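Inside the fold
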Amino acid sequence: MKLGIVGLPNVGKSTLFNSLTKAGAEAANYPFCTIDPNIGVVAVPDHRLGVLTEMYNSAKTVPAVIEFVDIAGLVKGASKGEGLGNQFLANIRECDAIVHVVRCFEDSNVIHVDGSVDPLRDIETIDLELIFADLDVLEKRYAKTGKNARINKSLEKESNLLKKLIDHLEGGKMAKSYVPEDDEEAALIHDYFLLTGKPVIYAANVSEEDLADDGDSNPYVKAVREFAAGEDSEVFVISAKIEEDLADLSDEDKQMFLEDLGISESGLDKLIRASYKLLGLMSFLTAGPTESRAWTIKKGTKAPQAAGKIHSDFERGFIKAEVVSYDDLISSGTYAAAREKGLVRMEGKDYVMKDGDVVIFRFNV
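Residues numbered from 1 in each chain as written. Predicted model: local features only at pLDDT ≥ 70, side-chain atom pairs only at ≥ 80, totals over all residues. Heavy atoms only, no water.

**Re the packing of helix α5 (residues 156–170) against helix α6 (residues 183–192)**
Axes are the key here: two packed helices are described by the angle between their axes and the distance separating the axes. Packing of α5 against α6 brings their axes to within 11 Å, and their N-to-C directions diverge by 65°. Judged by the angle between their axes, α5 and α6 are roughly perpendicular. Between α5 and α6 lies a crossing of right-handed hand. On α6, the residues touching K157, E158, L161, L162, K164 and L165 of α5 are E184, E185, L188, I189 and Y192. For the contact of α5 with α6, the class distribution of residues is six nonpolar, no polar and five charged. (Axes fitted to C-alpha atoms, helices over the stretch in contact; angles between N-to-C directions. Helix = DSSP H or I, 4+ residues; strand = E, 2+ residues; numbered from the N terminus. Parallel < 35°, antiparallel > 145°, perpendicular 65-115°, else oblique. Left-handed = near helix turned anticlockwise from the far one by under 90°. Contact = heavy atoms within 4.5 Å. Nonpolar A, V, L, I, M, F, W, Y, C, P; charged D, E, K, R; others polar.)

What follows is the structure, given as structure tokens:
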């Protein structure tokens, strides 16, 4: 999973990125301090892996990972090359979803690029830049496709779709709110990698004081939640400053620090939960002496396609999957005991994977 972190300058975006990834992107109280897109890879916390590693005496523990791409602070006109925006917008096109950091705190020491705190205005600014960037891509493609469609009638449908999308975006709407007429339209839109077609998670960055009640008393957070509900986006409340303090602590100290603040989970945990929910993801597990590992798949994935996540040969030569749920395996004590109790199932090609399935794939190529 690859997430692009965006936001206006001085909203806490790079501070959050640093904290989540410890990758060391420069964070300073001025725009454009992130000159190149910074990339960090973060392990997805999963307590089940540690238990399986101990049970199987695995040599390695391999968690699922999320790749974060920190995009330089965007401003009005970024899509037209203002600041450094245009070159960075291209980097978001490869991401599965956008994490949009919005400032929901007052601090006279941290200057807002527009002079005041207004998260909905900030969201609109970024959205418009994404719309303009997509329009630029679509208009160029439309000019080319429309010209060729006069000769090649098979391009007429795409040319008509491009015109509809351009009209849709020019109306101030995001591509994700456009409803395709059929599967062919949906496939074409997917191949355009439109920025405004990507799912969005809003990170409401609040002060430490507002973190304990999850931002419920913060009017800015309320406004962001109401806005996000209208477009089926996710919201999580975070304090980039607190995440910065947490970044260098051990797991034990981190838990004590969170408890002292009256918080049950870190910002990274919230973000991962929101990401998995928004993108419809889950994890299945494999375990053995070599490694215990988590694999991320879409909900609804069938066994052969899940096997293909490990290796294409597993999918191509899929025979069956030996499956036991994590809870059943742990309560039984060993895989052999789970098998004796009839808790290990043999599943075929139509089996839909479940979160926490511990699997051995049988295949023949």
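**So, the pattern of salt bridges**
Per the stated rule, a full pass over the model turns up 28 salt bridges. One salt bridge connects D350 with K302, and the closest N-O pair in it is separated by 3.8 Å. Of this pair, D350 sits in the loop between β11 (345–347) and β12 (357–363) while K302 sits in the loop between β9 (291–298) and α11 (303–310), and the two are 48 residues apart along the sequence. Given the relative accessible area of 34%, K302 is considered partly exposed. (Salt bridge = Lys/Arg side-chain N within 4 Å of Asp/Glu carboxyl O. Buried < 20%, exposed > 50% of the residue type's maximum accessible area, 1.4 Å probe, protein only.)

**Re the nonpolar core**
Grouped together as the largest cluster of nonpolar side chains are 64 residues, with contacts concentrated most on F68, V99 and L271. It is helix α10 (residues 267–279) that contributes the most residues to this core, six residues altogether. Setting aside residues up to four positions removed in sequence, L271 forms contacts with L3, L20, F68, V99, I201 and F236. Counting residues in each nonpolar core, the second largest holds 15 residues, with L162, I166, L188 and I189 among its members. (Core = buried A, V, L, I, M, F, W, Y, C linked by side-chain atoms within 4.5 Å.)

**Examining the side chain of D46**
Relative to the helices and strands, D46 is located in the loop between β2 (38–43) and α2 (47–56). Only 3.0 Å separates the side chain of D46 from the side chain of R48, close enough to count as a polar contact. Once you skip the residues sitting within four places of it in the chain, D46 turns out to touch L285 and A294. (Polar contact = N/O pair within 3.5 Å; in protein donor to acceptor, adjacent residues only side chain to side chain.)

**Some words on the layout of surface pockets**
Of the voids in this model, the largest pocket is the one considered here, and its volume is about 810 Å³. Lining the largest pocket are 30 residues, and of these C95, D96, H190, P199 and K298 lie nearest its centre. If you list the elements that add at least two residues to the lining of the largest pocket, you get α6 and β9. Looking at the lining of the largest pocket residue by residue, the classes come out as 19 nonpolar, three polar and eight charged. (1 Å grid on protein atoms, 1.4 Å probe; cavity = no way out; pocket = protein on both sides within 12 Å on 5 of 7 lines; lining within 4 Å. Points joined across faces, edges and corners; volume = space filled by probe spheres on them.)

**What about the environment of S325?**
Turning to its location among the elements, S325 is positioned in strand β10 (residues 318–325). Separated by 41 residues in sequence, S325 and F284 have C-alpha atoms that sit 9.4 Å apart. Every residue in contact with S325, bar those within four places of it in the chain, is listed here: R345, G356 and D357.

**Some details on empty space enclosed by the protein**
Empty pockets left among the atoms are what a rolling probe the size of a water molecule brings to light. Applying the stated criterion across every chain, the model contains one cavity of 30 Å³ or more. One number sums up the size of the largest cavity: a volume of about 30 Å³. Contributing to the lining of the largest cavity are 13 residues, with L211, E243, E265, S266 and G267 lying nearest its centre. Breaking the lining of the largest cavity down by element, the ones donating at least two residues are β7 (234–238), α8 (240–246) and α10. Per element, the largest residue contribution to the lining of the largest cavity is three residues, and it comes from α8.

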